[in-house]
Structure formats: C-alpha cells, structure tokens
Amino acid sequence: MSKHTLNYLEQLEAESIHIFREVAAQFERPALLFSGGKDSITLVQLAKKAFAPGKIPFPLVHIDTGHNFPEALEYRDRFAAEMGATLIVRNVADTIKQKNLTEPKGKFASRNWLQTYTLLDTIEEFGFDACIGGARRDEEKARAKERIFSVRDEFGQWDPKLQRPELWNIFNGKINKGENVRVFPISNWTELDVWNYIRSENIPLPSIYFSHEREVIEFEGQLIAVSPFIRIDESDVIVKKQVRYRTVGDMTCTAAVESLAVTLEEVVSEIMITRISERGETRIDDKVTEAAMEDRKKGGYF
Amino acid sequence: MDILRFITAGSVDDGKSTLIGRLLYDSKSILADHLEAIEKSTKNKENGEIDLALLTDGLRAEREQGITIDVAYRYFSTDKRKFIIADAPGHVQYTRNMITGASNVDLAIVLIDARHGVVEQTRRHSIISSLLGIPHVVVAINKIDLVNYSEDVYDNIVIEYSKLAKQLGIENVTYIPLSALNGDNIVDRSLKTPWYEGKALLEFLEGIEIKDAVNLTDTRFQVQYVIRPQTEALHDYRGYAGKITSGIYKKGDKVKVLPAGIETTIDKIEIAGVEVEEAFAPQSVTLLLIEDIDISRGDSIVKTTEDIAATNEADVLFCWMGDKPLQNGNKYLLQHNNRRVRAVIKNLEYKIDVNSLEHIEDVQQVKLNEIVKASIKTAAPIVFDPYKKNRSNGAAILIDETSNATVAAVLFQ
C-alpha cells in the first residue's frame, strides 16, 4: 500500500469535514443540534476540525424535553462553555404550555414526538436554514434512505418519494425561504465507527456511557431507570444494577444495558460483540410500528 | 482497514435484495432484533422461510409494492474491510436514484438471472456503470441452482456479457456464478460448482484492489470555504479550506489560482488546524498561500506545471433528472463541485438509446432519465477535466433555479 491512502476512519472524517464546510458556505443561518449524546459530541469534534483554527461558525441548539438524564445536561453545559460555543436551549415544556398541547399519558409517557413542535418553532424563531444532526444511516431503515442534505418543506416534512438526486460529492442546498435542510454529516458512519473514533480521538463522554450503579425496573426485558418521569406500578420491582447506556435519549424511552465496562476500551469491546442493534436494545419508542421512524420524519422529526 | 463502496443494481426478480440480505446475514452483520422483525414480517406471508429481501426495503411504499424506489445504504464489515452498499433501484422510472447511488462507488455488482441471461436491465445498468466510470464490474450470475449449476449456462452468459462489456469499454469484469437464496459462492466456494475456479463473492470483495479509485496525479483543489478567524492572535490568518479533488500538494509548491491565473506559493498546509508537510486526495485540508490574493469559493488552486485552463464552453454528456423536460434555451445553474455558474445547454447532438446503445440524432426534447450528448456554455469560466481522465473533477450538476431541483448529472467530455 502506498502511503497516500487513508484508513476508514480518516476517510469518514475527511468526508464529514467536507460536509460541514459545505453547510457553512451554502447557508446563512445553520445550527448544530446538540443533545450531549455520543453522536452529537462526535459532530462537534468534526466541526471543530473543519473550521480550525477558527471557531465553529454556528450555534449549538438543544431541544430539551425536560426528561433528560441530569448527567447529559451537566455535560452539555460544561462542554459548550469549554468550547466557547453559543448554546441555545429551548424547552418542550414551554411549547406544551404555549400551544396548549396534550401531554402523552401512560407508563413511559414520552415527549419524543412533541420535540418536533419545539424544533420547528426554534427553527422559525432563529430563522435557521440548515440544521445539522447526528443521525446515521445504519440506525434504522428509513434513515438508510435519507440523503445527506435532506430538504424539508415549510412544515419540516420529509418526502421520501421526492428526494433530490445527490450526486458525487456535490451538494445542492438551494431552498426557498421558509424551507430548511437537515444535514447529516455522519450518515455513512456506523455505531462502531463512532465509538472507534471517540476512542482514537480520546473524546470525553458523559458518565452514563460507562458502568455505574442505578435503580431500574425491568420492563419487557428492558431496564428502565427509575425517575420522576415514568410511572412506577405496584407490580414493578425496583432493583439496583450495574448498567451503562448505549445511547442518550429521554429517561422515558431509553433503556440501559447491564455492563461492567468502565473504560472506552471496554465499552468498545462490548459493542463489537453485541448481537442487538443500538436502537433495538435501547429505544422503546421505535417499536410501535414497523414504519415509526418514517412516519415521524414525514412529520418534521429528525 | 479501508472502505469499499459498491452498488448493487437489479430488480427484485433478479434477487438483488436477497443477495444483499445474504451478504449481511452470512457476514453476521444482521443483528438479532432486526432478524426478529423480519421473521415477524415474513410470517404474514405464505411460505415459512425467512425472506432475506425484507431486510433491504425501507419505505412503506416499497414494502407494499415489493420494489425499490430509492437508494438505501447498508453497512457491514469483516476483518479486512468496511463495506458501504448502495442498494439501488433497477426500475427504469427510478434511474436517477440509481445514478445517485452509482456516482460514489468503486465497484458495481450487476445481477443476472441465470435463466434469462443478459436482458434490457442488464444493459441499462451496465451503460450507467460505464458512463459513470465505475472502476470494476462484478457480474453476479444468480439463481445458478435453478439451472442445475450448469457450467454451460454460465459460459454462455460470460460470452454474451463480454461482448457488451467490450462495446461499452468496461475493462475490469469479474464473473461469479452464485445462488443468493442458497448461499452458493457467497461467503465460501460452493461444492456444487466445482468447475468454477474463482473466488466466492465476499472473498473477492475483501481482496480486490481498486486501481485508479483516487487520482493522485493531477493536482486539483477547489476553495470551499475561507477560514478567517479575525481574532487578535490570528489577525492575518486566511486559510482556504477544501477537499483535495485529486493529486498531492506539498508545502512550498508553486501554484496558480484559476480562473484568475495568478501564481503564488503554498505557505502552509493544515489538516484540522495542525500543520502537515503534504496532503493528498481525498483529504479535507486548509491551504495558506504566501501572497494575499483575492480568492473566493469555487476558485481552483493547481500546480503551475498543470496544463489546465478555465473555459466557458464544454462538451458534455448529461442525464436529465428533472420531472419537467429540459427547456431548450433556459438557463440553469451549473454546480461543479463548489463552483456555481449560470449555464445554458446548446447543440443537442444525440440521445443514447440505453437498450441498443445507438445514437439517436435530431433531438427535439429531453425527458426524465434520458442521456444526451450536447455542449454547454457557462456565464463564467470553469476549471474541469474530462470525466474519463479525472472523475472527481469531471462532473457537475444542473439546478433549476425556479424549483431548486437538481435536474441533471453532467459529465465533461
């Protein structure tokens, strides 16, 4: 092999940096959606590299459901401050109040779907024309179909049957006023690529990604953290377990994995041998129908 | 470990989805919960076996109709390589989506049903593969079990396809007899085809060296974004960020900025803010130049020794992708990597019949999915290479400014 070749992580990184710079060049008001999860942390690392030694030329935006893990919020604030980045937080609870929306009910009442309202309002409030997200195509079958530059109409809706051709590495981000583009710079990364990258770059993560003791209940084979956001029934048995999280979502719809892995090395080794997908193991909101994600995306979700 | 990107083209009837399902399944890339979901879907149907094809169709409309509408990307890796599959539709109506998938790959797998041999779709997919300059084609002669693993059937298809490949100028072709349904010659060589001496498909994909996947000869770089931190410490910093399209750049290289034609020298090359001595395609870098020159997005920086000029006219082949036909004389926006200029298509020379490969002259109207030879005139000069010489600097798209739609894939001749 000649020395002028890149390994797979270097190739993915170069591609993502190219996408970030394209966003900065083509749009007037981009924003990076930041949740404090590993995918959005990876996005920020890539953005930092894309614009070094300058600052990241757009704000970080967090749509806060109010059901987040406190560890993720603490990380979010500290991380943004260290980066010197502008952090914009908008709360789903405020949207619910202002718009008189109905809170979902049930044992694991999730505000996941309601995020879309807050997101669309935030896009309008700041006039964002591009929103950068950390979705990956390996996550889910509707995402596997989505373009890197995904054009959304005035209502934030995705039309999977009418996607723009996306040829070579040429991105067409032209839109009309009111429309916006969702951009996914790590589309071609897999979960394991993200973990390997975090390991090779030595990026600090929120503590919930590593083994810790937590009170959980077992529900249909999944471990859900005890929190004020879920309903504990009499039949539920609260147990203490050593767990870690594979994704960071809402406390209402993210399940933990039993694990003793305390270092990045150990976490990556566990991910490498797992036989269950990230979403399958940890998200209880995707299981409703076979097309749950497709439907949410059509409605303006990421 | 590197990445191999490949496309699979064919209709559901060719067994394309089953082939991908088989590759994922046999390389143990399908996770337990995904498999469970498929088993659930399969049970709603008649026969009991797991339908591997269900792994690949993602949209509701696709599952309902049993066809692939848009390209889906699949990922798997073995100890040797990471693979990205562009799982593309085969139906003529969705050709533009197939081209989307085909534009970025190193290899194409063209599926042929052993019972039917080379058919219209085989021709269309091969033409697209050849037009897009995909460096390697694998002809997967599928359903070999349904012709009793016959060597004669295989030989005849090889002879038939070789003629087509020759006609299209496809040089690197590999033929593999296989059964996606039964797993013959997918991961391991099948005992049922003792006459076949080549590799099984996965073994082949793991081992193939793609020649010329990246052009390291011609130095091409387009400014994508200008980094100007404007802080006190970095007051005079002005970095030209972009992806090296092709070639290798070194600190101290004498370069010229096109289309202006101004010569200068590379002062520094940075990757992610860290200085390096040299950089090569397809790295995303930042170039700093010795002189302060007026340079903006879309300008090219090439070595002074390069024999390339900026021009306003070019011969092109283009595939029309707009739902509305091409309006003769209309102006479109041409986007060549990062550079956007107004352009008009002139002199429609001929259409290519994607079945017979014949040139049809006297072109009156250009409709969706038609491939046409023409010339293009641009309002400002562009710095391109012929696509055949340099894929990454030889392609562009056309944008309809009234709808913002991407309406054509353009290949410079």
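Here the structure is a predicted model, which means the values were calculated and not measured.

Asks: Just checking my understanding: could you explain the overall build of chain B for this structure?
Replies: Helix and strand counts for chain B come out as 7 helices and 23 strands. Scaling as 2.2 N^0.38, a compact globule of 413 residues should have a C-alpha radius of gyration of about 22 Å, and chain B matches this with 24 Å. Oriented by its inertia axes, the alpha-carbon framework of chain B measures out at about 70 × 55 × 40 Å. Per-residue burial for chain B yields a buried fraction of 61% across its 413 residues. Intrachain contacts of chain B at a sequence separation of at least 6 include 70% that bridge at least 24 residues. Of the accessible surface of chain B, which amounts to about 17,500 Å², a share of 46% is contributed by carbon and sulfur atoms.

Asks: Quick question: what am I supposed to make of the packing of aromatic side chains here?
Replies: Two descriptors summarise a pair of aromatic rings, namely the distance from one centre to the other and the angle between the planes of the rings. Residue and element names in this part refer to chain B. Within this structure, the stated rule accounts for 21 aromatic pairs over all chains. Here the aromatic rings of Phe6 and Phe83 are separated by 6.3 Å at their centres, their planes lie at 75 degrees, and the arrangement is edge-to-face. Residue Phe6 is located in strand β1 (residues 2–9), and its partner Phe83 is located in strand β3 (residues 81–87); the two are separated by 77 residues in the primary sequence. The buried category is assigned to Phe6, whose relative accessible area is 0%.

Asks: For this particular structure, what's the right way to read the packing of helix α4 (residues 92–99) of chain A against helix α5 (residues 115–126) of chain A?
Replies: For any two helices packed against each other, the geometry is given by the interaxial angle and the distance between the axes. Residues and elements named next belong to chain A. It is at 9 Å that the axes of α4 and α5 come closest, and there the two elements cross at 90 degrees. When the axes of α4 and α5 are compared, the pair comes out roughly perpendicular. Together, Val92, Thr95 and Lys99 of α4 and Gln115, Tyr117, Thr118 and Asp121 of α5 make up the contact between the two elements. Of the residues in the contact of α4 with α5, the class split is 2 nonpolar, 3 polar and 2 charged.

Asks: Quick question: what am I supposed to make of the interface of chain B and chain A here?
Replies: Interface extent is often summarised as the accessible area lost during association of the parts. Of the residues lining the interface, 78 residues belong to chain B; the matching set on chain A comes to 62 residues. Buried surface at the junction of chain B and chain A, both sides included, amounts to about 5,900 Å², of which 55% is carbon and sulfur. Of all residues in chain B, Tyr75, Tyr225 and Asn404 of chain B give up the largest surface area on contact with chain A, accounting jointly for 11% of the area buried on that side. Linking chain B to chain A there are 4 salt bridges. Between Glu15 of chain A and Arg5 of chain B there is a salt bridge, with its nearest N and O atoms 2.7 Å apart. Our count for the contact surface shared by chain B and chain A stands at 28 residue pairs in polar contact (both at pLDDT 80 or more).

Asks: I'm lost on a negative patch on the surface in this one. Help?
Replies: Together, Glu151, Asp152, Asp155 and Glu197 of chain B line one region of the surface with negative charge. By the element assignment, Glu151 of chain B lies in helix α6 (residues 151–168).

Asks: In this structure, what is going on with the domain arrangement of chain A? I would like to understand it.
Replies: All names here are of chain A. Each domain of chain A was delimited in the assignment, giving domain 1 (8–194 + 290–298) and domain 2 (206–282). Between domain 1 and domain 2, the residue contacts involve 28 residues of the former and 29 residues of the latter. Across the interface of domain 1 and domain 2, roughly 2,300 Å² is buried in total on both sides, 59% from carbon and sulfur atoms. On inspection of domain 1 and its partner domain 2, the count reaches 6 residue pairs in polar contact (both at pLDDT 80 or more). Of all the secondary-structure elements, those providing two or more residues to the side of domain 1 that touches domain 2 are α2 (38–51), α3 (70–83) and α6 (191–201). The dominant element in the side of domain 1 that touches domain 2, judged by the number of residues it contributes, is α3, at 4 residues. Looking at the side of domain 1 that touches domain 2, its residues break down into 9 nonpolar, 9 polar and 10 charged.

Asks: Please explain the domain arrangement of chain B as it appears in this structure.
Replies: Residue and element names in this part refer to chain B. Taken domain by domain, chain B holds domain 1 (2–207), domain 2 (220–303) and domain 3 (311–412). Computed from C-alpha coordinates alone, the two centres of domain 1 and domain 3 are separated by 30 Å. Listed by partner, the interface residues are 19 residues for domain 1 and 16 residues for domain 3. Counting the surface domain 1 buries against domain 3, the share from its top three residues, Arg96, Ile127 and Leu131, is 41%.

Asks: Looking at this structure, how should I read the sheet that holds strand β9 (residues 238–244) of chain A?
Replies: To summarise the sheet geometry, strands pair through backbone hydrogen bonds and adopt either a parallel or an antiparallel arrangement. With antiparallel pairing, the 4 strands of this closed barrel are ordered in space as β7-β8-β10-β9 (chain A). Each strand axis lies, on average, 65 degrees off the axis of its neighbour in the sheet, ignoring direction.

Asks: Even after reading the chapter, I still don't get the side chain of Asp184 of chain B, so can you show me in this structure?
Replies: Residue and element names in this part refer to chain B. Tracing the chain through its elements places Asp184 in the loop between β6 (173–177) and α7 (201–207). One buried charged residue, Asp184, remains without a salt bridge, the closest side chain of opposite sign being Lys192 at 4.6 Å. One polar contact links Asp184 to Tyr149, side chain to side chain, over a distance of 2.7 Å.

Asks: Help me understand the pattern of salt bridges, please; the structure alone is not making it clear to me.
Replies: Opposite charge on two side chains makes pairing possible when the charged atoms of those side chains draw close. According to the stated counting rule, one finds 40 salt bridges over all chains in the structure shown. Here Arg231 of chain A ties to Asp233 of chain A by a salt bridge, and the two come within 2.9 Å at their closest N and O atoms. The partly exposed category is assigned to Arg231 of chain A, whose relative accessible area is 44%. With relative accessibility at 26%, the residue Asp233 of chain A sits in the partly exposed group. One continuous salt-bridge network, built from bridges that share partners, spans Asp218, Arg220, Glu306, Asp385 and Lys389 of chain B.

Conventions adopted
- Residues numbered from 1 in each chain as written.
- Chains lettered and ligands numbered in written order.
- Predicted model: local features only at pLDDT ≥ 70, side-chain atom pairs only at ≥ 80, totals over all residues.
- Heavy atoms only, no water.
- Helix = DSSP H or I, 4+ residues; strand = E, 2+ residues; numbered from the N terminus.
- Rg over C-alpha atoms; globule rule 2.2 N^0.38 Å.
- Buried < 20%, exposed > 50% of the residue type's maximum accessible area, 1.4 Å probe, protein only.
- Contact = heavy atoms within 4.5 Å.
- Areas by Shrake-Rupley, 256 points an atom, 1.4 Å probe, with all protein chains shown as cover.
- Phe/Tyr/Trp six-rings, centres within 6.5 Å; stacked < 30°, edge-to-face > 60°.
- Axes fitted to C-alpha atoms, helices over the stretch in contact; angles between N-to-C directions.
- Parallel < 35°, antiparallel > 145°, perpendicular 65-115°, else oblique.
- Nonpolar A, V, L, I, M, F, W, Y, C, P; charged D, E, K, R; others polar.
- Buried area = accessible area lost by both parts, 1.4 Å probe.
- Salt bridge = Lys/Arg side-chain N within 4 Å of Asp/Glu carboxyl O.
- Polar contact = N/O pair within 3.5 Å; in protein donor to acceptor, adjacent residues only side chain to side chain.
- Patch = residues over 30% accessible without salt bridge, like charges linked within 9 Å, V, L, I, M, F, W, Y side chains within 5 Å.
- Lys, Arg positive; Asp, Glu negative; His and termini not counted.
- Charge placed at Lys NZ, Arg CZ, Asp CG, Glu CD.
- Domains from an automatic or database assignment.
- Pairing = 2+ DSSP bridges.

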